Amino acid sequence: MAKLDILVYPDRRLRQVARPVTVFDAALKQLVDDMAETMYAAPGIGLAAVQVNVPKRVVVMDLSAERNALRVFVNPELSDAAGYAETQEGCLSVPGIFETVQRAATVTIHAQDVAGKAFTVAADEMLAVCIQHEIDHLNGKVFVDYLSRMKQERIAKKLRKEQAALSAA
Ligand code: NI
């Protein structure tokens, strides 16, 4: 296992549109293991492969308080989006920033596991919000994109400054 580097907004590589996974092999299993390690170490509740500069449609997530219920979504797709939920969201690629975003309250998730087996989950609450956030990443989108232009610029400036300070240290 290896901890991976997480891209930080406004890094352009967060705009990559991820390709579907077609080969379910040991390399995919390794990617999932490394992403899980990276997410737990951060710590975070969800991570999309684009955030570690791997443009593949892979998401890991753990919404449990005990941090022992890893969920893996390969090639996730949504259907039956309904209702509205407003949630204060954060993101490992946008450290220290939390803003309210409106999303569908319930969705049906269609995905494959790491072995390629298809499954479907009816999602609400945190799972519904989180999977929408992560699928956005796979499409090159970050939650900051939902905010006003002024807020986007302020966040980009703040994070650029922090990154510059980090790399100078
Ligand atoms: Ni995120």
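Up top is the structure.
Throughout, residues of each chain are indexed from 1 in the direction in which the sequence is written. Given that the model is predicted, a residue must reach a pLDDT of at least 70 before its local features are reported, and side-chain atom pairs must reach 80 or more before they are shown or counted; all residues, however, enter totals for whole chains, interfaces and linings. Note that the side-chain values use all heavy atoms of the structure and ignore hydrogens as well as water.

**Q** Looking at this model, I keep getting lost on the side chain of D136. Mind explaining?
**A** Here D136 shows up in helix α2 (residues 125-138). By relative accessible area, D136 is classed as buried at 13%. The helix and strand labels rest on DSSP assignments: H or I over at least four residues marks a helix, E over at least two residues marks a strand, and numbering proceeds from the N terminus. Summary of the burial criterion: residues with accessible area below 20% of their type's maximum are buried, those above 50% are exposed, and those between are partly exposed, where the area comes from a 1.4 Å probe applied to protein chains only.

**Q** Can you help me understand the coordination of the nickel ion in this one?
**A** For a metal bound by four donors in tetrahedral geometry, the ideal donor-metal-donor angle is 109.5 degrees, whereas six donors in octahedral geometry ideally sit at 90 or 180 degrees. Donors, by definition, are the N, O and S atoms found within 2.8 Å of a metal, the threshold being 3.2 Å for Na, K and Ca, and water is not counted, so a site can look incomplete. Only C91 (SG), H133 (NE2) and H137 (NE2) from the protein reach the nickel ion as donors, at distances of 2.1 to 2.2 Å. Motif for the nickel ion, donor spacing along one chain: C-x41-H-x3-H. In this pair, C91 sits in the loop between β4 (85-89) and β5 (99-103) while H133 sits in helix α2, placing the two residues 42 residues apart along the sequence.

**Q** Would you explain the packing of aromatic side chains in this entry?
**A** Any pair of aromatic rings gets described here by the distance separating the centres and the angle formed by the planes. Any pair of Phe, Tyr and Trp rings, taking the six-membered ring for Trp, is counted once the centres come within 6.5 Å. Such a pair is stacked with planes under 30 degrees apart, edge-to-face with planes over 60 apart, and tilted for the rest. Enumeration over the complete set of coordinates arrives at one aromatic pair. Ring geometry for F73 and F119: centres 5.9 Å apart, planes at 40 degrees, overall tilted. Of this pair, F73 sits in strand β3 (residues 71-82) while F119 sits in strand β7 (residues 118-123), and the two are 46 residues apart along the sequence.

**Q** Would you mind going over the nonpolar core with me for this structure?
**A** Nonpolar side chains tend to gather and get buried jointly when the protein is soluble and globular. To form a nonpolar core, buried Ala, Val, Leu, Ile, Met, Phe, Trp, Tyr and Cys residues must be joined to one another through side-chain atoms within 4.5 Å. Membership of the largest hydrophobic core comes to 18 residues, with the highest contact counts inside it found for M61, F73, V107, I109, L127 and I131. At the level of secondary structure, the elements contributing two or more residues to this core comprise β2 (58-61), β6 (106-112), β7 and α2. When residues in this core are grouped by element, the largest group, six residues, is from α2. The contact criterion used throughout is that any non-hydrogen atoms of two residues lie within 4.5 Å. Excluding residues within four positions of it along the chain, V107 makes contact with L78, S79, D80, A81, V121, A122, A123, A128, I131 and Q132. Of all hydrophobic cores here, the second largest spans 15 residues; its members include V8, F143, L147 and L159.

**Q** I keep staring at the sheet that holds β2 and nothing clicks. Help me out?
**A** Hydrogen bonds between backbone groups are what pair the strands of a sheet, and the pairing can be parallel or antiparallel. Here, a strand pair is defined by DSSP locating no fewer than two bridges between the strands. Spatially, the five strands line up as an open sheet ordered β1-β2-β3-β6-β7, and their pairing is antiparallel. Where the open sheet ends on each side, the last strands, each with one partner, are β1 (46-48) and β7. The sheet shows a mean angle of 35 degrees between the axes of neighbouring strands, direction not considered. Where β1 meets β2, three bridges bridge the pair, whose relative direction is antiparallel. Residue G46 lies in a different strand from β2, and its bridge partner there is M61. Between the N-to-C directions of two axes lies an angle of 0 to 180 degrees, each axis being a line fitted to C-alpha atoms and, for a helix, fitted only over the stretch in contact.

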